[in-house]
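Results of the structural survey
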Amino acid sequence: MSKQPAFEQPAFELYAFWRTSATYRVRVALSLKGMTAHEHIVNLDAGEQRSPEFLKINPLGAIPALVEPGHPPLTQSVAILEFLDEIAPAPSLLPPDPHGRARVRSIAAMLASDTHPLITPRVKKYLTSAGGFDDAAWRAWQIHWFTTGLMAVEQRLAMEAETGAFCHGDQVTMADICLASIAAVMRVFKIEVAGTPTIDRIVARCEALPAFANAAPNRQAGAPA
Ligand SMILES: N[C@@H](CCC(=O)N[C@@H](CS)C(=O)NCC(=O)O)C(=O)O
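Points about the layout of surface pockets
- Empty space within the largest pocket amounts to approximately 740 Å³.
- Surrounding the largest pocket, 34 residues form its lining, His116, Ile119, Thr120, Pro121 and Arg122 being those nearest its centre.
- Mapped onto the lining of the largest pocket, the elements with two or more residues apiece are helix H1 (21–32), helix H3 (77–87), helix H5 (121–129) and helix H6 (135–159).
- Here the lining of the largest pocket is composed, by residue class, of 14 nonpolar, 11 polar and nine charged.
- When residues of the lining of the largest pocket are assigned to domains, at least three map to each of domain 1 (15–88) and domain 2 (98–218).
- Approximately 280 Å³ is the volume attributed to the second largest pocket.
- Contributing to the lining of the second largest pocket are 13 residues, with Ala183, Met186, Ile191, Glu192 and Asp200 lying nearest its centre.
- Elements supplying a minimum of two residues to the lining of the second largest pocket: helix H7 (174–188) and helix H8 (197–207).
- Looking at the lining of the second largest pocket element by element, the count peaks at four residues for H7.
- Its residues assigned to classes, the lining of the second largest pocket comprises eight nonpolar, one polar and four charged.

Put into structure tokens, the structure is as follows:
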């Protein structure tokens, strides 16, 4: 029998910043897959995501971007997770059945598509410049959208029989990665949402795993001491 060649991962460059939840998702997935990436810091506080150099990598001015020589940059954290899952299928970030995959993608989208984008720096920039928001209004906005997203996810996780030790059964999926990414950024912003016991239990379980613990914002290069 011919021997399977060892998987050789591409030389990835990850455009990243210490506190971002979207980059956290990619860091966790890379780590779960046993892969690494060389990180380039894009300082969001300094507006580097809007620099002409970075806009050539992602015209939307957002991180993460995963760059592999010979290919266009990959952007959108969930698309990157799907890509990593396809090139390195074990451990899988999706369940084997179509209903399970749809459920996991749906929970992931509730967090990564319908919650997180509302609290990004570009939204803050617009609301505080053109929208008349002061700091208090911005904080109320953040709390409102984190609460809306998390309460809806809590309701599903608590009600649906497919929930297990993690969001879907007893294996980590991309739903868990998205959930823990929101918990991580809420901690950075010192925002807490009460009344989410299922989420709290699952996030604690995720954060006990090295791939999640090592992706914590305060453990990244550039994080405040
Ligand atoms: N849907 C995108 C969101 C990317 C995103 O908004 N990233 C934030 C950091 S978490 C960012 O770079 N924001 C820059 C800005 O809003 O100016 C993804 O999941 O990758």
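That shown, we press on.
Thoughts on the packing of aromatic side chains
- Throughout the structure, instances matching the rule amount to five aromatic pairs.
- Summarising the aromatic geometry, the rings of phenylalanine 133 and tryptophan 141 are spaced 5.8 Å apart at their centres and angled 75° between planes, so their arrangement reads as edge-to-face.
- Since its relative accessible area comes to 21%, tryptophan 141 is described here as partly exposed.
- Pairwise contacts between aromatic rings join Phe133, Trp141 and Trp145 into one cluster.

So, the site of the ligand
- Around the ligand sit 17 residues in total, of which Gln49, Ile63, Gln76, Ser77 and Arg122 are the nearest.
- Separating an oxygen atom of the ligand from a side-chain N or O atom of arginine 25 is a distance of 3.2 Å.
- One of the side-chain N or O atoms of glutamine 76 is found 2.7 Å from a nitrogen atom in the ligand.
- Relative to its free-state accessible area of 520 Å², the ligand is covered by the protein chains to the extent of 94%.
- A majority-of-atoms criterion places the ligand in the largest pocket.
- The element that contributes the greatest number of residues to the shell around the ligand is H1, accounting for three residues.
- Of the residues that constitute the shell around the ligand, the class distribution is six nonpolar, eight polar and three charged.
- Two domains share the shell around the ligand, each providing at least three of its residues, namely domain 1 (15–88) and domain 2 (98–218).

Thoughts on the domain arrangement of the protein chain
- By domain assignment, the protein chain separates into domain 1 (15–88) and domain 2 (98–218).
- For domain 1 and domain 2, the distance between their C-alpha centroids amounts to 19 Å.
- If you look at the interface, domain 1 gives 19 residues, while domain 2 gives 20 residues.
- Interface of domain 1 and domain 2: buried area, both sides summed, is about 1900 Å²; carbon and sulfur atoms make up 69% of it.
- Our count for the domain 1 to domain 2 interface comes out at one salt bridge.
- Among the ionic pairs, arginine 105 bridges to glutamate 82, the shortest N-O distance being 2.8 Å.
- The tally of links between domain 1 and domain 2 comes to four residue pairs in polar contact (both at pLDDT 80 or more).
- Tallying contributions element by element places H1 first for the side of domain 1 that touches domain 2, with nine residues.

Calculation criteria
Residues numbered from 1 in each chain as written. Predicted model: local features only at pLDDT ≥ 70, side-chain atom pairs only at ≥ 80, totals over all residues. Heavy atoms only, no water. 1 Å grid on protein atoms, 1.4 Å probe; cavity = no way out; pocket = protein on both sides within 12 Å on 5 of 7 lines; lining within 4 Å. Points joined across faces, edges and corners; volume = space filled by probe spheres on them. Helix = DSSP H or I, 4+ residues; strand = E, 2+ residues; numbered from the N terminus. Nonpolar A, V, L, I, M, F, W, Y, C, P; charged D, E, K, R; others polar. Domains from an automatic or database assignment. Phe/Tyr/Trp six-rings, centres within 6.5 Å; stacked < 30°, edge-to-face > 60°. Buried < 20%, exposed > 50% of the residue type's maximum accessible area, 1.4 Å probe, protein only. Near = heavy atom within 4 Å. Polar contact = N/O pair within 3.5 Å; in protein donor to acceptor, adjacent residues only side chain to side chain. Areas by Shrake-Rupley, 256 points an atom, 1.4 Å probe, with all protein chains shown as cover. Sits in = over half its atoms within 2 Å of the grid points. Contact = heavy atoms within 4.5 Å. Buried area = accessible area lost by both parts, 1.4 Å probe. Salt bridge = Lys/Arg side-chain N within 4 Å of Asp/Glu carboxyl O.

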